[in-house]
Amino acid sequence: SQKIEQNSEALNIQEGKTATLTCNYTNYSPAYLQWYRQDPGRGPVFLLLIRENEKEKRKERLKVTFDTTLKQSLFHITASQPADSATYLCALQRDSNYQLIWGAGTKLIIKP
Amino acid sequence: DAGITQSPRYKITETGRQVTLMCHQTWSHSYMFWYRQDLGHGLRLIYYSAAADITDKGEVPDGYVVSRSKTENFPLTLESATRSQTSVYFCASNGMGDQQFFGPGTRLTVL
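Residues numbered from 1 in each chain as written. Chains lettered and ligands numbered in written order. Predicted model: local features only at pLDDT ≥ 70, side-chain atom pairs only at ≥ 80, totals over all residues. Heavy atoms only, no water.

Draft legend 1. Spatial organisation of the state of the cysteines. As enumerated under the stated definition, the model contains two disulfides over all chains in all. Note on cysteine connectivity: Cys23(A) is disulfide-linked to Cys90(A), with sulfurs 2.0 Å apart. When the S-S torsion is 65°, as for the bridge of Cys23(A) with Cys90(A), the disulfide is right-handed. In this pair, Cys23(A) is assigned in strand β3 (residues 19–26) and Cys90(A) in strand β9 (residues 86–93), connecting sequence segments 67 residues apart. Taken as a pair, Cys23(A) and Cys90(A) share a single burial class, namely buried. Between Cys23(B) and Cys91(B) runs a disulfide, and the two sulfur atoms are separated by 1.8 Å. On the sign convention where negative means left-handed, the S-S torsion of about -75° between Cys23(B) and Cys91(B) marks this disulfide as left-handed. Within this pair, whereas Cys23(B) is found in strand β3 (residues 19–25), its partner Cys91(B) is found in strand β9 (residues 87–94), the two being separated by 68 residues in sequence. Judged by relative accessible area, Cys23(B) falls into the buried class, the value being 1%. Residue classification places Cys91(B) among the buried residues on the basis of a relative accessible area of 0%. (Disulfide = S-S within 2.5 Å. Helix = DSSP H or I, 4+ residues; strand = E, 2+ residues; numbered from the N terminus. Buried < 20%, exposed > 50% of the residue type's maximum accessible area, 1.4 Å probe, protein only.)

Draft legend 2. Spotlight on the interface of chain A and chain B. The interface is formed by 21 residues belonging to chain A together with 22 residues belonging to chain B. Summed over both sides, the interface between chain A and chain B buries roughly 1500 Å², with carbon and sulfur atoms accounting for 53% of that surface. Remark: the boundary between chain A and chain B carries one salt bridge. In this structure, the salt-bridge partner of Arg51(A) is Asp98(B), at a minimum N-O distance of 3.9 Å. Remark: the boundary between chain A and chain B carries six residue pairs in polar contact (both at pLDDT 80 or more). Counting only elements with at least two residues in the side of chain A that touches chain B, the list comes to β4 (32–38), β5 (45–51), β9 and β10 (100–102) of chain A. No other element matches the four residues that β4(A) contributes to the side of chain A that touches chain B. Classifying every residue of the side of chain A that touches chain B by side-chain character gives ten nonpolar, nine polar and two charged. (Contact = heavy atoms within 4.5 Å. Buried area = accessible area lost by both parts, 1.4 Å probe. Salt bridge = Lys/Arg side-chain N within 4 Å of Asp/Glu carboxyl O. Polar contact = N/O pair within 3.5 Å; in protein donor to acceptor, adjacent residues only side chain to side chain. Nonpolar A, V, L, I, M, F, W, Y, C, P; charged D, E, K, R; others polar.)

Here you go:
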């Protein structure tokens with residue numbers, strides 16, 4: 001069956017450093033991979049989408065890479081700030097039928 | 001208000017009761033989704049809808065019923081609530097793009 005793994009343990013990063021979150025998947029060939037941010041008590045909010053033919057995507061301090069050979073995506077936040085503290089979810093999409101398969105998320109804590 | 005709203009935000013019910021969770025979006029998005037989120041699990045798709053009067057099962061549909069008579073509304077009904085349905089439920093929608101827009105969630109407790 002399809003499996004998506006994100007670090008289950010919280011990631012503690014010092015303010016100003018780069019935070020790197022990992023999303024690994026098996027038994028799946030996604031056409032798209034998406035990253036969302038979720039704050040406590042709220043719904044997820046879309047951050048970035050990367051397609052299988054794209055190796056890297058950037059948006060302000062965020063960068064996502066997608067390695068279909070390793071079956072892995074890395075999500076980077078540069079110059080991290082305490083306001084970046086949240087849970088980050090990755091989601092895979094096989095095609096454009098809009099169904100997403102979700103990872104359980106990684107909690108990121110940025111310490112001042 | 002523009003966006004996607006869910007009601008109620010919190011609900012406590014008893015085993016065996018019928019519960020309906022409401023979802024309303026103002027964008028006229030074609031696709032709408034219901035997820036449940038439990039600790040240690042990713043979001044799991046319950047049902048989705050590609051348009052009014054078109055619905056389909058997701059990963060965990062048992063015990064749930066949906067309808068979509070209007071594009072903007074997508075209610076989720078638990079016909080006979082069980083304790084295992086205690087969860088946080090999220091409604092989402094998307095239009096032409098691939099990103100999904102989520103509501104604030106409904107925290108449901110079944111006693």
